[in-house]
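# Structural overview for review
Residues per chain are reported as follows:
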Amino acid sequence: MRTATAYRGSIFYFKDSATFENIPTSKKENDHSQYVYLEDGVLIIEAGKVSAVGPYDELKEKIKNMKQVNYGDKLITPGFIDTHQHSTQSSIVAAYGEHLLEWLDDYVFPGESIYDNPESAKADINFFLDHLLRNGTTTAVSYGPLFYEAADLFFEELNKRNMRFITGNILMDKDSPDYLRLTTQDNYDISKRLIEKWNNKNRLSYCLSPRFALSCTEEIMELCGALKKEHPDLYIQTHLDENVAEVEAVKKEYPWSKNYLDVYNRFGLVTERTVLGHCIHLTDAELEKMKETKAIVSWCPISNNFLGSGLFNVERVLKYTHNITLGTDWGGGNSLSMFAVMDDAYKVAMLQNYKLPSMKRWYMATFGAAKSLQLDSKIGNFTPGKEADFIVIDPKASPFLKYRSEKVNDIFELLFILMTLGDEKVISATYILGEPAYQAV
Ligand code: GUN
Ligand code: ZN
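Residues numbered from 1 in each chain as written. Chains lettered and ligands numbered in written order. Predicted model: local features only at pLDDT ≥ 70, side-chain atom pairs only at ≥ 80, totals over all residues. Heavy atoms only, no water.

Before going further, it helps to examine the coordination of the zinc ion (ligand 2). For the zinc ion (ligand 2), the full set of protein donor atoms is His84 (NE2), His86 (NE2), His239 (NE2) and Asp329 (OD), at a range of 2.0 to 2.3 Å. Coordination at the zinc ion (ligand 2) is irregular: its 4 donor atoms span angles of 90 to 170 degrees at the metal. (Donors = N, O, S within 2.8 Å, 3.2 Å for Na, K, Ca; no water. Tetrahedral: all angles 85-135°; square planar, octahedral: opposite > 155°, others 65-115°.)

As structure tokens, then:
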């Protein structure tokens, strides 16, 4: 017999019908049609999936004989989705003093070289995944290691943990140090092997991951385009318009291109399953192409601030596409917490006189990302039947948080203080497919 568990607590999630435009931005709108907020609710999980959710008063009879876990006034909500991160960069987080291109040369490439050794790769990968779960992120679009053994190991560890993840071996076949560059053929062969072994295996999706136009030959990008044609369900991720010097270098390197995005587009890499990291210095023509192709933006404000890359203009990009998701860019980003990302997204928008409400940012970090990634039938909210990846948040995790959260009037304010003041310490537990994957001590 399958056993069900009932989790009691305060519950928040977006409904299936929620979109970036239709979600309310403040209590004043008094519109509960796009989200569910239950101050005393119950989430029932059975065989790794949501089987029911509702107010405690309505479900108390039903759960009488079930296993129950009472989280009191803690908030039970779907896990975060980080759409841009480097699983291989934990060792160089918080590296001083350089902008993108010098930072890659001085810190990132040497740091990633430890992944040619499966032993050190395994320890690093497991540290990274533990830290991700500590931060309440249950799904990510992530750059995996360059080398086959380490990339395979990454899939293996993700599979063991049952995580829904989109990743692939990073591809780089030019202008990188010898110790971190493979031939075009080797890059391609590794991708082929990993696609065969891991794409659509359990909860894993393979992602073609050309690092960026400056690390990739036209040949490898063409081969990626061919793999995408062969396997239309593959995701693609790369970097775009992150830094002014990078944009200039791409112009020089690809004189035939209309703009940076055109380089990727030439090889069939700009699709509705393509996640483009950063997108800060976009031209109007690039924005038009993003709109036409429905490519997904991953806005990475903590990284952009840390590396001094620039201010993403969310107001402008929203005029073309609502396919905007959020990423830590761990490595460049100095936190794996989506709270930190939502916080900096607010500040970056404020610097440009644009207000980004708490609900909209929470949507981008959860259900909105699931929708953009075409995973919303599986994850991102608590509609019965969805996979039970959820987190438990303690809004009173520190003396000041307790003091401040006791003064909030509604869910809009609660989300706002969590994303402004919260970090990994507010995550009490992270569940993957209904099983505890992290629990704060
Ligand atoms: N562009 C190419 N590689 C990288 C990387 O590792 N991090 C960031 N932030 N940008 C990149
Ligand atoms: Zn990145």
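The structure having been displayed, the exposition proceeds.
Taken together, the side chains of Phe400, Tyr403 and Leu421 present a nonpolar region at the surface, about 290 Å² in accessible area. Within the secondary structure layout, Tyr403 lies in helix H15 (residues 399–405). Classification of Tyr403 as partly exposed rests on a relative accessible area of 47%. (Patch = residues over 30% accessible without salt bridge, like charges linked within 9 Å, V, L, I, M, F, W, Y side chains within 5 Å. Areas by Shrake-Rupley, 256 points an atom, 1.4 Å probe, with all protein chains shown as cover. Salt bridge = Lys/Arg side-chain N within 4 Å of Asp/Glu carboxyl O. Helix = DSSP H or I, 4+ residues; strand = E, 2+ residues; numbered from the N terminus. Buried < 20%, exposed > 50% of the residue type's maximum accessible area, 1.4 Å probe, protein only.)

This part is about unusual backbone geometry. For Ala94, which is not glycine, the phi torsion reads 70 degrees and is therefore positive. With respect to the secondary-structure elements, Ala94 resides in the loop between strand S5 (80–86) and helix H2 (100–112). On the basis of relative accessibility, which here comes to 61%, the residue Ala94 falls in the exposed class. We note that Asn200 has phi near 65 degrees; this positive angle belongs to a residue other than glycine. You can see Asn200 is positioned in the loop between helix H5 (184–198) and strand S8 (204–210).

In this section: the packing of helix H12 (residues 338–351) against helix H16 (residues 411–421). Working note: a packed helix pair is described by the angle between its axes plus the distance between those axes. Where H12 contacts H16, the two axes come as close as 7 Å, and the packing angle between them is 100 degrees. In this view, H12 runs roughly perpendicular relative to H16, as classed from their interaxial angle. Contacts between H12 and H16 pair Phe339, Met342, Asp343 and Tyr346 from the former with Phe416, Leu418, Met419 and Thr420 from the latter. Partitioned by chemical class, the residues of the contact of H12 with H16 number 6 nonpolar, 1 polar and 1 charged. (Axes fitted to C-alpha atoms, helices over the stretch in contact; angles between N-to-C directions. Parallel < 35°, antiparallel > 145°, perpendicular 65-115°, else oblique. Contact = heavy atoms within 4.5 Å. Nonpolar A, V, L, I, M, F, W, Y, C, P; charged D, E, K, R; others polar.)

Right, let's talk about the site of ligand 1 for a bit. Taken together, His86, Gln89, Leu100, Trp103, Leu104, Arg211, Phe212, His239, Glu242, His278 and Asp329 make up all the residues around ligand 1. Taking His86, its side chain carries an N or O atom lying 3.5 Å from a nitrogen atom of ligand 1. Relative to its unbound accessible surface of 280 Å², ligand 1 loses 100% to contact with the protein. Looking at the shell around ligand 1 element by element, the count peaks at 3 residues for H2. Split by residue class, the shell around ligand 1 holds 4 nonpolar, 4 polar and 3 charged. (Near = heavy atom within 4 Å. Polar contact = N/O pair within 3.5 Å; in protein donor to acceptor, adjacent residues only side chain to side chain.)

Right, let's talk about the side chain of Thr217 for a bit. Considering the arrangement of structural elements, one finds Thr217 in the loop between S8 and helix H6 (218–230). Owing to a relative accessible area of 17%, Thr217 belongs among the buried residues under this scheme. A polar contact is formed between the side chain of Thr217 and the side chain of Asp173, at a distance of 2.5 Å. Not counting the four nearest positions on each side in its chain, Thr217 is found in contact with Asp173, Lys174 and Thr184.

This part is about the state of the cysteines. Within the structure shown, the criterion is met by 0 disulfides. Sulfur of Cys216: no disulfide; nearest cysteine sulfur belongs to Cys224 and is 7.0 Å away. Assessed through its relative accessible area of 0%, Cys216 is described here as buried. Here Cys300 is not cross-linked by a disulfide; its sulfur's nearest cysteine counterpart is in Cys279, at 8.5 Å. Owing to a relative accessible area of 0%, Cys300 belongs among the buried residues under this scheme. (Disulfide = S-S within 2.5 Å.)

Across soluble globular proteins, nonpolar side chains have a tendency to be buried as a group. Phe14, Tyr264, Trp299 and Trp362 are the most contacted members of the largest nonpolar core, which has 130 residues in total. Once residues within four sequence positions are removed from consideration, Tyr264 is found in contact with Phe212, Ala213, Met221, Thr238, His239, Leu240, Leu269, Val270 and Leu276. By size, the runner-up hydrophobic cluster in this structure holds 16 residues, among which are Leu38, Val50, Ala388 and Val392. (Core = buried A, V, L, I, M, F, W, Y, C linked by side-chain atoms within 4.5 Å.)

A full pass over the atoms with the stated rule returns 23 aromatic pairs. Ring geometry for Tyr346 and Phe416: centres 5.0 Å apart, planes at 75 degrees, overall edge-to-face. Of this pair, Tyr346 sits in helix H12 while Phe416 sits in helix H16, and the two are 70 residues apart along the sequence. Among the aromatic residues, those joined into a ring-pair cluster are Phe12, Phe14, Tyr35, Tyr363, Phe367 and Phe412. The ring of Tyr56 is capped by Arg8, whose NZ or CZ atom sits 3.4 Å from the centre of that ring. When the ring centre of Tyr403 is taken as origin, the NZ or CZ atom of Lys407, which lies over that ring, is 4.0 Å away. (Phe/Tyr/Trp six-rings, centres within 6.5 Å; stacked < 30°, edge-to-face > 60°. Lys NZ or Arg CZ within 6 Å of the ring centre and 35° of its normal.)

Read these as spatial facts, not as claims about activity.
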